[in-house]
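Next come the chains, spelled out residue by residue.
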Amino acid sequence: MTMSLQNPLLKVENLSHYYGDQIGCENINFDIYNGEVLGVVGESGSGKTTLLKLISGLLCPNAGSVAFDTRIEGLRDIYKMSEPERRLLMRTDWGIVYQNPKDGLRMNVSAGANIGERLMAIGNRNYANIRSDSSDWLEKVEMDLERMDHFPETFSGGMLQRLQIARNLITKPRLVFMDEPTSGLDVSVQARLLDLVRGLVSKLGIACVIVSHDLGVMRLLSHRLMVMKSGKVVEQGLTDQVLDDPQDPYTQLLVSSILPV
Amino acid sequence: MKNTAIEVLAVKNLKKSFILHNQNSIELPVFDNISFSLKEGECLVLAGPSGTGKSTLLRSIYGNYLTHFGEINIYHNQSWINLVEATPHSILNVRRQTLGYVSQFLRVIPRISTLDLVAEPLLEQGETEVHSINRAKDILQKLAIPETLWDLPPATFSGGEQQRVNIAITFVKEFPILLLDEPTASLDQKNKQAVIDLIINARDKGTAIIGIFHDEYVRNAVGTSIFDIEEAKHAA
């Protein structure tokens, strides 16, 4: 993991979004640096997923800005780019791992094609290379190579989630967004996926925004933690500090509500 | 200890209290006006009965507990940084390069082998795989963790073994400053000695150490000076 104090990779300023008169999220500010994992926690309806959509180019905010450090021009507001520019960014420098793998995968094409798709989308045309890259990634996410030509429909939840991760990481994105990546999985698979994500992030130096309501997952994966309630960030700081010495009343309640194992 | 030891840590007028918002926002003061400094090669023993805030002081210095008043100055990357005012990014950098902390409990991702856990801090720093693994083996050997356990995750280990793995994860790197929270609490005499040797070795190489050691034998073996929180409170 290389994390230095250069320019932020993503800079979020005064970000707000409303659904009618309901607050989606309000006045959010934070930076993410290369190789850093930022966790976002909060109960259902606290605005975590809205925030993730806003910063990953899926939902245009009502106010504020989301700037990404583009390879050529530096920090640029992603909502002031043209649609094709933003699409290219989403296919190359970003990855999005959805809570429900079916939202992030094509269920009617093979696992190999799912993994290779992003390579084709950025112009790779050599089928043999795409196939060998895809099988590399299948191995990296610890899946059997013989599943390469199988359809995702035949995969278990944990396998689908790993396939989704491979599909996203193959273009070596610099920033990956993950929405509850371990939520639908049983604990043994969860631990395995955690280990996988942590290993990939630290080896490849990818920055990551992970939304989860699981504080245990956050303690092990994220460097910094942001706590949301009713669309607002009530507290943010070093993960272990927020969990061990929470300052905000809501965070104190949240942390003291964890059931010990 | 070096003769011309330089200062590497200086705490000034540090205050810590907890506010319990869900219990009528009562404020629990722990300490106030704590000041001391630490030099290279010094091992400062935090003394005082249980509940006086020794662990809280260590955790505050590490940034695990948030402090608002006073200063925690750390000599990091050839300049001074005050952790009370530092951003999370800077604190992470200080923790990666300068400040190591051995807590009382091992907290790691499940399913990873002991050897990989111990090698990881070096790999993170960009050391080669071979070097990192060799260093990890070396430290595990010094701490007398049986080789048959190296490939297993530490979840099933005994309390004493887990504690030594925890020590190995920190001591595999050579931090300029170390914070030790009862590193020998659940160890038998032989293993205690192995940890004492590691601490003395680091100290004599110039590492500055702040530690909590309830065991008098350990305290006498490694300590070079004493800081009594209770006395400091009354003096304040």
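Below is a summary of the structure that appears in this document. (Residues numbered from 1 in each chain as written. Chains lettered and ligands numbered in written order. Predicted model: local features only at pLDDT ≥ 70, side-chain atom pairs only at ≥ 80, totals over all residues. Heavy atoms only, no water.)

**Notes on the overall build of chain B**
- The helix and strand inventory of chain B stands at eight helices and nine strands.
- Here chain B has a C-alpha radius of gyration of 18 Å; the compact-globule value for 236 residues is 18 Å, and the two agree.
- For chain B, the proportion of contacts with a sequence separation of at least 24, taken over those separated by at least 6, is 68%.
- Counting only carbon and sulfur atoms, one obtains 49% of the accessible surface of chain B, whose full area is about 11000 Å².
- Looking at chain B, you have 22 positive and 27 negative side-chain charges, and the mean spots of the two groups are 1 Å apart. (Helix = DSSP H or I, 4+ residues; strand = E, 2+ residues; numbered from the N terminus. Rg over C-alpha atoms; globule rule 2.2 N^0.38 Å. Contact = heavy atoms within 4.5 Å. Areas by Shrake-Rupley, 256 points an atom, 1.4 Å probe, with all protein chains shown as cover. Lys, Arg positive; Asp, Glu negative; His and termini not counted. Charge placed at Lys NZ, Arg CZ, Asp CG, Glu CD.)

**Quick look at helix α10 (residues 249–256) of chain A**
- Inspection of α10 of chain A places Tyr250, Thr251, Gln252 and Val255 of chain A among the buried residues, and these make up the whole buried set.
- Looking at the buried positions of α10 of chain A, the neighbouring elements they touch are α8 (215–221), β9 (224–229), β10 (232–238) and α9 (239–244) of chain A together with β1 (7–20) of chain B.
- For α10 of chain A, the side-chain oxygen to backbone nitrogen distance between the N-cap and tyrosine 250 of chain A is 2.8 Å, and the N-cap itself is aspartate 248 of chain A. (Buried < 20%, exposed > 50% of the residue type's maximum accessible area, 1.4 Å probe, protein only. Polar contact = N/O pair within 3.5 Å; in protein donor to acceptor, adjacent residues only side chain to side chain.)

**Some thoughts on the pattern of salt bridges**
- Counted according to the given criterion, the structure contains 24 salt bridges over all chains.
- A salt bridge links glutamate 36 of chain A to arginine 224 of chain A; its shortest N-O distance comes to 2.8 Å. With glutamate 36 of chain A in the loop between β2 (22–32) and β3 (37–41) and arginine 224 of chain A in strand β9, this pair connects stretches of sequence that are 188 residues apart. Each member of the pair, glutamate 36 of chain A as well as arginine 224 of chain A, carries the same accessibility label: buried.
- Across the pair lysine 192 of chain B and aspartate 215 of chain B runs a salt bridge, and its minimum N-O distance is 2.7 Å. One end of the pair, lysine 192 of chain B, is in helix α6 (residues 189–204); the other, aspartate 215 of chain B, is in the loop between β8 (208–212) and α7 (216–222), and 23 residues separate them in sequence.
- A single salt-bridge network, built from bridges that share partners, covers Glu142, Asp195 and Arg198 of chain A together with Arg111 and Glu120 of chain B. (Salt bridge = Lys/Arg side-chain N within 4 Å of Asp/Glu carboxyl O.)

**Remarks on the pairing of strand β7 (residues 177–181) of chain B**
Residues and elements named next belong to chain B.
- By the criterion of burial, β7 is predominantly enclosed, with five of the five residues buried.
- Residue alternation in β7 divides its side chains into two sets, Ile177, Leu179 and Asp181 and Leu178 and Leu180, and both sets are buried.
- Here strand β6 (residues 99–102) pairs with β7 via four bridges, running parallel. Across the sheet, leucine 99 pairs through a bridge with isoleucine 177, a residue of β7.
- For the segment spanning β7, α6 and β8, crossover handedness is right-handed. (Pairing = 2+ DSSP bridges. Right-handed = clockwise from strand over helix to strand, strands pointing away.)

**Observations regarding the packing of helix α4 (residues 111–121) of chain A against helix α6 (residues 157–169) of chain A**
Residue and element names in this part refer to chain A.
- Following both chains from N to C, one finds α4 and α6 inclined at 30 degrees, their axes separated by 7 Å at the closest point. The angle between the axes of α4 and α6 places the two elements in the roughly parallel class. For the pair formed by α4 and α6, the contact residues are Ala111, Asn114, Ile115, Glu117 and Arg118 on the first element and Leu163, Ala166, Arg167 and Asn168 on the second.
- When its residues are assigned to classes, the contact of α4 with α6 shows four nonpolar, two polar and three charged. (Axes fitted to C-alpha atoms, helices over the stretch in contact; angles between N-to-C directions. Parallel < 35°, antiparallel > 145°, perpendicular 65-115°, else oblique. Nonpolar A, V, L, I, M, F, W, Y, C, P; charged D, E, K, R; others polar.)

**Here we look at the side chain of glutamate 161 of chain B**
Residues and elements named next belong to chain B.
- Note that glutamate 161 resides in helix α5 (residues 159–171).
- At 4.8 Å, arginine 164 is the nearest oppositely charged side chain to glutamate 161, a buried residue that forms no salt bridge.
- Not counting the four nearest positions on each side in its chain, glutamate 161 is found in contact with Ile145 and Leu149.

**Examining the sheet that holds strand β1 (residues 10–19) of chain A**
Residue and element names in this part refer to chain A.
- Read from one edge to the other, the open sheet built from four strands follows the order β2-β1-β4-β5, with strand pairing classed as antiparallel. Two strands lie at the open edges of the sheet, namely β2 and β5 (74–77), each paired on one side alone. Taken pair by pair, the neighbouring strands of this sheet meet at an average axis angle of 25 degrees, ignoring direction.
- In this structure, β1 lies alongside strand β4 (residues 63–70), joined through five bridges in antiparallel fashion.

**Structural notes on the packing of aromatic side chains**
Residue and element names in this part refer to chain A.
- The tally for this structure, following the rule as stated, stands at six aromatic pairs over all chains.
- Relative to tryptophan 94, the ring of phenylalanine 68 lies with its centre 5.5 Å away and its plane at 85 degrees, an arrangement referred to as edge-to-face. Taken as a pair, phenylalanine 68 in strand β4 and tryptophan 94 in strand β6 (residues 94–97) lie far apart in primary sequence, 26 residues in all. Comparing phenylalanine 68 with tryptophan 94, the two get one shared label, buried.
- By the ring-pair criterion, three or more aromatic residues cluster together here, those being Phe68, Trp94 and Phe177. (Phe/Tyr/Trp six-rings, centres within 6.5 Å; stacked < 30°, edge-to-face > 60°.)

**A look at α4 of chain A**
- All buried positions along α4 of chain A are accounted for by Ala111, Gly112, Asn114, Ile115, Gly116, Arg118 and Leu119 of chain A.
- Where α4 of chain A is buried, its residues meet α2 (83–92), β6, α5 (127–140) and α6 of chain A.

**Details of unusual backbone geometry**
- Even without glycine at this site, glutamate 142 of chain A takes up a positive phi of about 60 degrees.
- Relative to the elements of secondary structure, glutamate 142 of chain A occurs in the loop between α5 and α6.

**A word on the sheet that holds strand β8 (residues 207–211) of chain A**
Residues and elements named next belong to chain A.
- Taken in spatial order, the six strands make up an open sheet running β6-β7-β8-β3-β9-β10, and their pairing is mixed. If you trace the sheet from one side to the other, it starts and ends with β6 and β10, each paired once. Taken pair by pair, the neighbouring strands of this sheet meet at an average axis angle of 15 degrees, ignoring direction.
- Summarising the sheet, β6 and strand β7 (residues 175–179) pair through four bridges and their orientation is parallel. If you follow valine 97 over to β7, its bridge partner there is methionine 178.
- Of the strands in this sheet, β6 and β7 are in contact with α6, which crosses β6 at around 170 degrees.

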